[in-house]
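What follows is each chain in one-letter form.
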Amino acid sequence: MKQINAYRLTKGLKAFKHRSSLKAKTVVRSKELWTKLSHVRPNGQSYNASGSGYAECMAVLPTYFTPYGITTYNSGQGAILVYNSNGYVSYKKTAQTASHELLTCDAEHRDTELNNWATYSEVAFSFHADGSAKMAQLFELAGAKE
């Protein structure tokens, strides 16, 4: 969120605020993506549904965006898992690659990150031992029902 909020400030937008109840939902959502990689949740509902009070962005790591679409080979862009010197995932650097992906891969994701309709946003990652991950970011409108 630090990278996203820093970018939002350069565009004259307010930083997203933290909300612990939204964080808990985002952690659940990041794990759901292993079951069904879709904006439609395994229970058939969607955070992006009209009138839900929420919206979401998702990222799959490793993912690379090219002019021809999404691929999983190294094109030098996109979200990747970054490891530190002791072989563990560097969460900060991995999060930087995901935020870079969301801000640069296409206008729809960038516009969602730069929205002026949400007050709260949270991000969560879910990792697998094979070096892959899913990231969910939820946005909550001011006044959304808990």
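Preceding block: the structure.
Procedures and definitions
- Residues numbered from 1 in each chain as written.
- Predicted model: local features only at pLDDT ≥ 70, side-chain atom pairs only at ≥ 80, totals over all residues.
- Heavy atoms only, no water.
- Core = buried A, V, L, I, M, F, W, Y, C linked by side-chain atoms within 4.5 Å.
- Buried < 20%, exposed > 50% of the residue type's maximum accessible area, 1.4 Å probe, protein only.
- Helix = DSSP H or I, 4+ residues; strand = E, 2+ residues; numbered from the N terminus.
- Lys, Arg positive; Asp, Glu negative; His and termini not counted.
- Salt bridge = Lys/Arg side-chain N within 4 Å of Asp/Glu carboxyl O.
- Pairing = 2+ DSSP bridges.
- Axes fitted to C-alpha atoms, helices over the stretch in contact; angles between N-to-C directions.
- Contact = heavy atoms within 4.5 Å.

Chemist: Please explain the nonpolar core as it appears in this structure.
Modeler: F16, L61, M135 and F139 are the most contacted members of the largest nonpolar core, which has 16 residues in total. Mapped onto this core, the elements with two or more residues apiece are β1 (54-61), α3 (91-104), β4 (118-127) and β5 (133-141). If you look at the next biggest cluster of nonpolar residues, it comprises five residues, including L22, Y47, Y54 and Y120.

Chemist: Looking at this structure, how should I read the side chain of E113?
Modeler: Mapped onto the fold, E113 is located in helix α4 (residues 107-113). Nearest to the buried, unbridged E113 among oppositely charged side chains is R8, at 6.5 Å.

Chemist: Sorry if this is basic, but what is going on with the pairing of β4 here?
Modeler: Along a regular strand, successive side chains alternate from one face of the sheet to the other. Within β4, seven of the ten residues are buried, which leaves the element mostly enclosed by the surrounding structure. Bridge analysis of β4 against β5 gives nine bridges, and the strand direction is antiparallel. Following the sheet pairing, Y120 is matched in β5 by E140. In sequence, β4 turns back onto β5 through a hairpin of five residues, with G131 there showing a positive phi of about 85°.

Chemist: Please clarify how the pattern of salt bridges should be interpreted in this entry.
Modeler: Here the structure, examined in full by the defined rule, presents four salt bridges. Notably, a salt bridge pairs R29 with E32, separated by 3.1 Å at the nearest N-O pair. Residue R29 and its partner E32 are both found in helix α2 (residues 20-32); the two are separated by three residues, about one turn of the helix. Taken as a pair, R29 and E32 share a single burial class, namely buried. Each of R29, E32, R41 and E56 takes part in a single network of salt bridges with overlapping partners.

Chemist: Is there a simple way to explain the sheet that holds β1 in this structure?
Modeler: Strands belonging to one sheet form pairs held by backbone hydrogen bonds; the direction of such a pair is parallel or antiparallel. Read from one edge to the other, the open sheet built from three strands follows the order β1-β5-β4, with strand pairing classed as antiparallel. A single partner strand is all that each edge strand has here, and the edge strands are β1 and β4. Going across the sheet, the axis of each strand differs from the next one's by a mean of 15°, ignoring polarity. The pairing of β1 with β5 spans eight bridges and is classified as antiparallel. The residue of β5 that forms the bridge with A55 is F139. The sheet contacts of α2 involve β1, β4 and β5, and relative to β4 the element is tilted by about 40°. Sheet strands in contact with α3 are β1, β4 and β5, and its direction is about 115° off that of β1.

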